[in-house]
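# Breakdown of the fold
Here is how the chains run, residue by residue.
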Amino acid sequence: MSTTELNTPASTDTELRPALRFITCGSVDDGKSTLIGRLLVDSKAVLQDHLAGVQRQGETDLALLTDGLSAEREQGITIDVAYRYFATESRKFIIGDAPGHEQYTRNMVTAASSADAAVVLVDATKLDWKNPALELLVQTRRHSLLVKLLRVSSLVFAINKLDAVEDPTLAFQHISAALKAFADAAGIQVRATIPVSALKGWNVVDAKAGWCGYEGDSLLQLLEQLPVTHADVEQPFAFPVQWVEKFSSSSDTSQGRRVFWGRVAAGSVKPGQAVTVLPGGQSATVAQVLDHARRPSDIDAGHSAGIVLDREVDVSRGDWLLAPGQIEAQRTLQATVAWLDDEALVPGRVYWALHGHRWIKAKVSRIVHKLDVNTLAEEAATELPANTIGLIELALQEPVATLPFEQARALGSLILVDTASHKTAAAVLVKA
């Protein structure tokens, strides 16, 4: 073996595998912050001086490792999404600790919109676990439905605090059955249902064989195997322009003298590719494609790019470069909405809509129905209160290029913003 071979470090699996972004969600006080604290401590991702700073009456309060706001520490609740980073020998992780209170559902939606996986915690002590037909908590249902709607690739149910019930095996059986029945009815695919004790660490990092009759992987072992969300590479090319860089002093007139920077929303882009501009309607050909380091490169969806066209066309921030004739621009949309504003949604109201980096006016034409998160029934409605999920029709001031959210995340999503208060009012997921 040569000296070069001896001194060359081997690439670790951690370096090769993409980091997994996951969130913990569920109802209030189900143990989400404690679970993350246990993951960090047992995976040796917390320094001793940090642990010393989260002591209460001589005991380590694991929840304080993520509850960083003073209001969170005073009230003992999670208010905003807290992100933490750690790595094991086989993978890196980015964790989002989402709040459980209903009034902070908007924060949970924000965290889930960029997640690859979600761990929905279920507190066994809050349920009538002796009853085979037990009722799940409303937030457990709501968060699970939002995870599905937001196209989070993997959902894991973690049944927590089973160490605090008389018969953990029976409780796990009944709660698992209720979760499966709900998931089947809602069309939610579940990767696994795991019994855990975040407080004691059972089945969190290390598996506790046979506990509750469960013989599968621990939560961390399962997370190490989950896939990341695939970019929408198979869809037609779509590119929202975020920033226009001018270099008009260049003497090269064989191509346009501006670089359009942004992140490829769908498909891929390479030199020689024909594009059209929305809303202008001009046509052009891609002359150059630059990566984030300004190197010539073909770029796929999910990655940043700088695009130079073969000629000067009127393109501004908020415009879209699209594959010609493959994505239809529409002025009316039917969409699923997660209503986040405290003021209820009523038909006839006008909002600002943000699609990519483009702002347009949008009017709610009608509410088709709202979803009962307990029964999953579609109910007639004249308004959508805060934290309600429903189906609406939108009329837009100008056409936008969209695909159903199930096909393309970036093309199929918008947010609505109140024109007076400037609050984010809704997450909108295009259906047709």
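The sections below set out a description of the structure shown in this document. (Residues numbered from 1 in each chain as written. Predicted model: local features only at pLDDT ≥ 70, side-chain atom pairs only at ≥ 80, totals over all residues. Heavy atoms only, no water.)

## A short note on the packing of aromatic side chains
Taken as a whole, this structure holds 6 aromatic pairs when the rule is applied. Seen in terms of ring centroids, phenylalanine 237 and phenylalanine 239 are 6.4 Å apart; in terms of plane orientation they differ by 15°. Their pairing is stacked. The buried category is assigned to phenylalanine 237, whose relative accessible area is 4%. These aromatic residues form a ring-pair network of at least three members: Phe22, Phe86 and Phe93. (Phe/Tyr/Trp six-rings, centres within 6.5 Å; stacked < 30°, edge-to-face > 60°. Buried < 20%, exposed > 50% of the residue type's maximum accessible area, 1.4 Å probe, protein only.)

## What about empty space enclosed by the protein?
Counting across every chain of the model gives 2 cavities of 30 Å³ or more. Considering only enclosed or pocket space, the largest cavity measures out at about 50 Å³ in volume. Together, Leu146, Leu149, Leu150, Thr336, Val337, Ala338, Ala427 and Leu429 line the largest cavity. Going through the elements one at a time, helix 7 (138–149), strand 18 (329–339) and strand 24 (424–430) are the ones with two or more residues in the lining of the largest cavity. Ranked by the residues each element gives to the lining of the largest cavity, the list is headed by strand 18, at 3 residues. Along the lines of polarity and charge, the residues of the lining of the largest cavity split into 7 nonpolar, 1 polar and no charged. Within this model, the second largest cavity holds a volume of roughly 30 Å³. Lining the second largest cavity are Arg21, Phe22, Ile23, Tyr83, Ile94, Ala111, Ser114 and Ala115. Per-element tally for the lining of the second largest cavity: the top contributor is strand 1 (residues 20–26), with 3 residues. Class assignment for the residues of the lining of the second largest cavity results in 6 nonpolar, 1 polar and 1 charged. (1 Å grid on protein atoms, 1.4 Å probe; cavity = no way out; pocket = protein on both sides within 12 Å on 5 of 7 lines; lining within 4 Å. Points joined across faces, edges and corners; volume = space filled by probe spheres on them. Helix = DSSP H or I, 4+ residues; strand = E, 2+ residues; numbered from the N terminus. Nonpolar A, V, L, I, M, F, W, Y, C, P; charged D, E, K, R; others polar.)

## Things to note about the pairing of strand 7 (residues 154–160)
Summarising burial for strand 7: 7 of the 7 residues are buried, a large majority. Here strand 7 shows no split at all, with Ser154, Val156, Ala158 and Asn160 on one side and Leu155, Phe157 and Ile159 on the other all buried. Here strand 6 (residues 117–123) pairs with strand 7 via 7 bridges, running parallel. Bridged to aspartate 123 within strand 7 is asparagine 160. (Pairing = 2+ DSSP bridges.)

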